[in-house]
Amino acid sequence: MSSRYNHKEVEKKWQTVWSDKKIFQTEIDQNKEKFYVLEMFPYPSGKIHMGHVRNYTLGDVVARYKRMKGYNVLHPMGWDAFGLPAENAALTEKKHPESWTYQNIKTMKNQLLKMGLSLDWTREIATCHPDYYKHEQKFFIDMFKAGLAYKKEAEVNWDPIDKTVLANEQVIDGRGWRSGAVVEKKKLSQWFLKISKYSDELLRDLEKLNNWPNKVKIMQSNWIGKSTGAEIDFKVLENNKKIKVFTTRPDTIFGATFIALSSEHELVVEISKKNIELQKFIKSCERLNPEKTKKGFNINLFVDHPFIRGKKLPIFVANFVLKEYGLGAIFGCPAHDQRDLDFARQYNLEVIPVVKPNNVNLNSFNINDEAFTDEGILINSEFLNGLNINDAKNKIIDEIENKKIGKKKVNFKLRDWGISRQRFWGCPIPIIYREDGEILTVEEVDLPIKLPEVENFSESSSALSNISSWKETVCPKTGMKAYRETDTFDTFFESSWYYFRYCNSRLDKPFEKKDIEYWLPVDQYIGGIEHAILHLLYSRFFTKALRDLNYFNLNEPFKGLFTQGMVTHLTYFNKKGEWVEPKDVEKIDGQLKDINGYDVETGKIEKMSKSKKNVVDPNDIINSYGADTARWFMLSDSPPERDLQWTETGISASFKFINKVYELVDRSKNYKSASVEDFDILDNLKSIINEVSENIESFQFNKSVAKIYEFVNILSNSLSEKKMSEKGFKWSLGKLSVILHPFIPHISEEIWSNIDNSTLCINQSWPVEEVKKKTKFKLAIQINGKTKEIIEIDDSLSKQMVLELVKNNDKIKKNISGKNIIREIYVPGKIINLVV
RNA sequence: GGGAGUAUGGCGGAACUGGUAGACGCGCCGGAUUCAAAAUCCGGUCACUUCGGUGGUGUGGGUUCGAUUCCCUCUACUCCUACCA
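Within every chain, residues take consecutive numbers counted from 1 along the sequence as written. Starting at A for chains and at 1 for ligands, labels are handed out in the order in which the entities are written. For this predicted model, a pLDDT threshold of at least 70 governs which residues receive local features, and a threshold of 80 or more governs which side-chain atom pairs are given and counted, while totals over whole chains, interfaces and linings are taken from all residues. Excluded from the side-chain calculations are hydrogens and water; all other atoms, namely the structure's heavy atoms, are used.

## A few points about the protein's contact with RNA strand B
Rules: Any residue with a non-hydrogen atom lying within 4 Å of a molecule or strand is treated as near it. N or O atoms within 3.5 Å of each other form a polar contact, as long as, within protein, one can give a hydrogen and the other can take it, and as long as residues adjacent in sequence are counted only when both atoms are side-chain atoms. In DSSP terms, a helix is any run of H or I states spanning at least four residues, a strand is any run of E spanning at least two, and both are numbered starting from the N terminus.
Near RNA strand B lie 48 residues; those nearest to it are Thr248, Pro290, Arg339, Lys703 and Asn833. Backbone atoms, meaning sugar and phosphate, form 57% of the atoms of RNA strand B found within 4 Å of the protein. Within the backbone of Leu322, one N or O atom sits 2.8 Å away from a base nitrogen of RNA strand B. At 2.7 Å, a side-chain N or O of Asp637 approaches a base nitrogen of RNA strand B. For the surface near RNA strand B, the secondary structure elements donating two or more residues are helix 7 (214–224), strand 11 (242–247), helix 19 (648–667), helix 21 (701–721), strand 34 (776–783), strand 35 (786–794), strand 36 (823–827) and strand 37 (831–835). If one sorts the elements of the surface near RNA strand B by residue count, helix 21 sits on top with 6 residues.

This is how it looks when you write it as structure tokens:
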């Protein structure tokens, strides 16, 4: 494609101007309303991908628009710089993860700079820098002192060949990704944060997040998993010990026919010490999927039924009872729980129905292979008989509390957040273990605990526990020998507070309270749906925890959230079934061929990924078409929340548009026109401008784009047919550059500079146009709801006058001749409907 | 199994609280320009049609003067979650 518009030159020029004039550097200004726009910061993996381009383009539209609307906009960027890929790269390249990371940051920053984003780069952060992570070491110490951080045993994935702990993503089909060895579960003592303390608040406050997608709120709410029920004690006959059970269906207690315990229940652990059969059973369950096979082991002990005198229930160890949920123990009521029923049938246990459907006769109701879990009426349940489920629940809970054998209980699925990672490239946990067994937090003056310098990074140095020179230390108080905690933080720790750090990223404290008060919460956060639960939940927790540690007074970090769709691309594969890169595919005589001339077929449209080879490199696109073209394509057609399909025709359409706009401006330089009546045209343009604004406000950028196409088409048409006055045309071009600005800022500045060389387009205020009320409108005439004719009428006409006009219309006359009009419905400004 | 969402031309997608279905872009067709092509510009483009019309928003039904929009049924696809007692 040829063009006189030189995107490389123009884009570079304006990027330099913005940067030289420090346009995007922001400071607190109490006279202006603030607006904090944030996109989820990238992991510095090497180069930016289309997902980043889409994410940051969306954010930039908001940031530039809000700025032109007069807000004091904070729009920062940084790097989520700790993580496993750096360790892997360090192993293969024999370099320190740090140098690999900073190299990537440099490359990716250059790529982002070329996109022309309105970022305040003076606030840039990299979470792997000690000036960043030293503050989170302080947070951890505060949390530890406040009882929010604690240590307990937890399982990790252990690779017996590499003798290393593996992250979940390093375990592929149960095997270590590097060694291929079958991964073992190993128990280690690890650090946890008490997010569960905030379960209720995290759930409740979701309701206040009005500018969050419902989908995300539902996902978080399910994850927190609140359920109300009861805790009930069962007494073991043989030894008088108590088994505590959690249930959401205490109303079915009279249908209880057995007790089931998880293999890690303390009673089971105790018994299994002396019972080899039980040990074998537990071992055999490890390889079973309980969803397919439910297995139990009868330990020949019984409990008393708390409400039925003399009734004994057998106790099983069962593979379908979860150890992490509730109390690791349940009572089985087979008639009203499918899992219990499956289990009962297998071990010939009693099935006693205690709830029957409302409209079914008691005699004709029985349980076969399907448990009855719907609403109904209590039966076979003494004092509960005849009640509905809800009333029965309340009554039995009262009874349980009266008898002091349990209580009403709210249970959450949410587990505490395990933050220990047995890795090198992460933030060290500031704890030392003294030889006398004391666990101490590192003194504040000794922070940061920096990562060690390591030459020739290798497997053996990939965990801090192997670096004894770093690990060994002395207690600063007593001089006793001590060693450091060698676990590092989960990288979600860094991303849980980076949005606070942007307020003043060079400060010696994590942040200043007054800055937080001005800038937070983030008004618009934008990122992928994949962070719906973990990152966003951890950040919400962190905010509440820091609030309780008196850092500030803020309840929620992100006021508005937007989750964008993925960037997808058609896949290609050859006869051998190998994926083929799009750039290697060519259409020859209607047949797709690869570079070797072999036939290629198209596969599904999928998310861009290296493995499917359907990736398009943003760098190539920006180099050959320019940033504006890439941005325009990202914003056209697809609504931001949906997936965007990358196509070659799409990108060239965007390129065409950019050039068309340039040509239009170029051709209009000597525009001369006799004085013409252009009120209608200008009015139309004005209402288009307002619609562009509305669509930006509601995050429907694809609709803004469509409106801008209309705007440009009108201008282009007016130019060739001389429909507008010189003054009107010049006005329109000015407005065009302004409304283009948030989307494609470079060409926008270029056009603006033709109009006014002394100011910048980014500094113009966003237009709000007054559109005169139309005096005429188009009225659709319907017969029985079907449109037959459209006429233009005056606004001031009464219904009677309109009716007369309509009935005298030739076409309508024909349609209604010989028929009776039963009803006439007139909606002014829209339709008139004659019912015949 | 549980939860959420989506379905409109050849394609991506518009249609405000029910009121002219298909805006805008792509593709395709025709024309202009050109020695020719690319690029560019102009026009057309839901289907059927006896050119009067008729049908049409995944399926079937309902409410209404009027339904892409509201209610019910079914189907297909996508995502999340999963023995959560």
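That was the structure; now back to the text.
## Description of helix 11 (residues 389–402)
Basically, it comes down to this: For a helix, the expected span equals 1.5 Å multiplied by the number of residues minus one. Between buried and exposed lies partly exposed: a residue is buried under 20% and exposed over 50% of the maximum accessible area for its type, with that area taken using a 1.4 Å probe on protein chains only. Think of it as the arc spanned by the lines of direction from the helix axis to the C-beta atoms. In what follows, a contact means two residues having at least one pair of non-hydrogen atoms within 4.5 Å.
In this model helix 11 runs 20 Å from its N-terminal to its C-terminal C-alpha over 14 residues, within 8% of the 20 Å that 1.5 Å per residue would give. Among the residues of helix 11, Ile389, Ala392, Ile396, Ile397 and Ile400 are the ones counted as buried. In an axial view of helix 11, the angular spread of the buried residues amounts to 130 degrees, which keeps them on one side of the axis. As for helix 11, its buried residues are in contact with strand 10 (226–235), strand 16 (355–356), strand 17 (377–378) and strand 18 (406–412). For helix 11, the side-chain oxygen to backbone nitrogen distance between the N-cap and Asn390 is 3.1 Å, and the N-cap itself is Asn388.

## Considerations on the packing of aromatic side chains
Aromatic ring pairs are reported here in terms of the distance separating the ring centres and the angle at which the planes meet. Counted only if it meets this: Working definition: a ring pair exists when centres of Phe, Tyr or Trp rings (six-membered ring for Trp) sit within 6.5 Å. Plane angles under 30 degrees give stacked, over 60 give edge-to-face, the rest tilted. Any Lys NZ or Arg CZ found within 6 Å of a ring centre and within 35 degrees of that ring's normal is scored as a charge over the ring.
Considering all chains together, one arrives at 59 aromatic pairs under this definition. Between the NZ or CZ atom of Lys194 and the centre of the ring of Tyr150, over which it lies, the distance is 5.7 Å. A cation over an aromatic ring shows up here: Lys403 above the ring of Phe307, its NZ or CZ 4.6 Å from the ring centre.

These values are about where atoms sit, not about what they do.
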